[in-house]
Amino acid sequence: MTAPDLDPEQYPPIDPREPVPDDAGVLLPGAADELPEAPVEPMPDDGGNAGGVREPA
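What counts and how
Residues numbered from 1 in each chain as written. Predicted model: local features only at pLDDT ≥ 70, side-chain atom pairs only at ≥ 80, totals over all residues. Heavy atoms only, no water. Helix = DSSP H or I, 4+ residues; strand = E, 2+ residues; numbered from the N terminus. Buried < 20%, exposed > 50% of the residue type's maximum accessible area, 1.4 Å probe, protein only. Salt bridge = Lys/Arg side-chain N within 4 Å of Asp/Glu carboxyl O. Patch = residues over 30% accessible without salt bridge, like charges linked within 9 Å, V, L, I, M, F, W, Y side chains within 5 Å. Areas by Shrake-Rupley, 256 points an atom, 1.4 Å probe, with all protein chains shown as cover.

Q: Describe the overall build of the protein, and please don't skip the residues or the numbers.
A: When helices and strands are tallied, the protein shows zero helices and zero strands. Within the protein, the fraction of its 57 residues that count as buried is 0%.

Put into structure tokens, the structure is as follows:
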């Protein structure tokens, strides 16, 4: 499998020796400054009601 030819203006080559920037906006310009709230995950149900996460066997 080969990689597609990418436009070097839009996707400049990455130097793995460069440090990772502290600001994610450098890597993703236009992204939101704050992440949305994480979705609530279902919890195991003690009463046997449907809808909860099953306990591991």
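Q: Lay out the pattern of salt bridges with the relevant residues and their values.
A: Inspection of every chain in the model, using the stated rule, returns one salt bridge. Note that aspartate 15 and arginine 17 form a salt bridge whose closest N and O atoms lie 3.1 Å from each other. Exposure remark for aspartate 15: the relative accessible area of 27% places this residue in the partly exposed category.

Q: Explain a nonpolar patch on the surface to me, and be specific about the residues and the numbers.
A: Side chains of Val20, Val26, Leu27 and Leu28 sit close together on the surface and give an oily, nonpolar patch of about 440 Å² of accessible area. By relative accessible area, which is 57% here, leucine 27 ends up exposed.

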